[in-house]
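Listed below, chain by chain, are the residues.
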Amino acid sequence: MKNLNLFIFLSFPVLMGLLCSCSKTESYSELLRDEEHAVNWWLAQRRVVTEIPTDSVFEVGAGAPFYKMDEEGNVYMQVINPGSRTNRPKKDDKVYFRFMRTNIKNLYDGYQSVPEGNANDLAVTAATSFIYGNNSMQSTLQYGTGVQIPMDYLGYDCEVNLVIKAYAGFAEEQSYCIPYLMNIRYFKAEY
């Protein structure tokens, strides 16, 4: 009995630590809710259009609205430069892109968020690219489905700002439910 009491006495702090640490973690549904709040907060400060123009002619420039690009609201696009009107990717074309991204959740929580990506470092040897319209390749899916959406409407050499929820974002980060603002420029592969 004495050993049992000693075991309980020594185990109690460990058990309490485990219980306390469990209560501090958020469930996946709570993470999704927080992501939704952060995106709504960010978009509430901008002009948003909930439908894609029927003629696919978007307003352009830094003052252009963010267009809701999918039914679920996982991707919103602001067109900075529409790129080439005649030179557009075809299915299975390799499309290169340069990006900078900012964590919207950090901004929502009141923290500074420094943009990160490969747009400012042309020495990056690992080119970021996807195979347009092919969502079965790991090399394409690693960047998520959201980065491909502008190519459905715009030409090469375009530049956009995208608000991308984690579901449509980088595959390895989807479970963290972190939304990003991404500035992306798209380029044709040179053969």
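In the block above lies the structure referred to throughout.
Residues numbered from 1 in each chain as written. Predicted model: local features only at pLDDT ≥ 70, side-chain atom pairs only at ≥ 80, totals over all residues. Heavy atoms only, no water.

A.B. asks: Got a minute to help me understand the packing of aromatic side chains in this structure?
C.D. replies: Tallying each qualifying case throughout the model produces 11 aromatic pairs. Taking the centre distance of 5.8 Å and the plane angle of 45° together, the rings of phenylalanine 97 and phenylalanine 130 count as tilted. On the criterion of sequence distance, the pair formed by phenylalanine 97 in strand S4 (residues 94–103) and phenylalanine 130 in strand S6 (residues 129–131) is long-range, its members being 33 residues apart. The residues phenylalanine 97 and phenylalanine 130 share a single accessibility class, namely buried. (Phe/Tyr/Trp six-rings, centres within 6.5 Å; stacked < 30°, edge-to-face > 60°. Helix = DSSP H or I, 4+ residues; strand = E, 2+ residues; numbered from the N terminus. Buried < 20%, exposed > 50% of the residue type's maximum accessible area, 1.4 Å probe, protein only.)

A.B. asks: Even after reading the chapter, I still don't get the nonpolar core, so can you show me in this structure?
C.D. replies: The nonpolar side chains of a soluble globular protein tend to be buried with one another. Ranked by internal contacts, the top residues of the largest apolar core, which has 28 residues, are Val147, Ile184 and Tyr186. For this core, the leading source of residues is strand S8 (residues 180–188), giving four residues. With residues near it in sequence (within four places) discarded, valine 147 still touches Phe97, Phe130, Leu162, Ile164, Met182, Ile184 and Tyr186. The next biggest cluster of nonpolar side chains, apart from the first, holds eight residues, and it includes Trp42, Leu43, Tyr76 and Ile104. (Core = buried A, V, L, I, M, F, W, Y, C linked by side-chain atoms within 4.5 Å. Contact = heavy atoms within 4.5 Å.)

A.B. asks: I tried to follow the side chain of asparagine 103 on my own but got confused; where do I start?
C.D. replies: Along the chain, asparagine 103 turns up in strand S4. At a separation of 2.8 Å, a polar atom in the side chain of asparagine 103 contacts the main-chain amide nitrogen of asparagine 106. Setting aside chain neighbours within four positions, we find asparagine 103 in contact with Ser113, Ile178, Pro179 and Tyr180. (Polar contact = N/O pair within 3.5 Å; in protein donor to acceptor, adjacent residues only side chain to side chain.)

A.B. asks: Is there a simple way to explain the pairing of strand S7 (residues 159–164) in this structure?
C.D. replies: On a regular strand, each side chain points to the face opposite its neighbour's, so the side chains alternate between the two faces of the sheet. Burial analysis of S7 places five of its six residues in the buried class, the great majority of the element. Of the pairings in the sheet, the one linking strand S3 (residues 75–81) to S7 comprises six bridges and is antiparallel in character. Within S7, the position partnered with asparagine 81 by the bridge is glutamate 159. Pairing geometry for S7 and S8, over six bridges, is antiparallel. Within S8, the residue paired with valine 160 across the bridge is isoleucine 184. (Pairing = 2+ DSSP bridges.)

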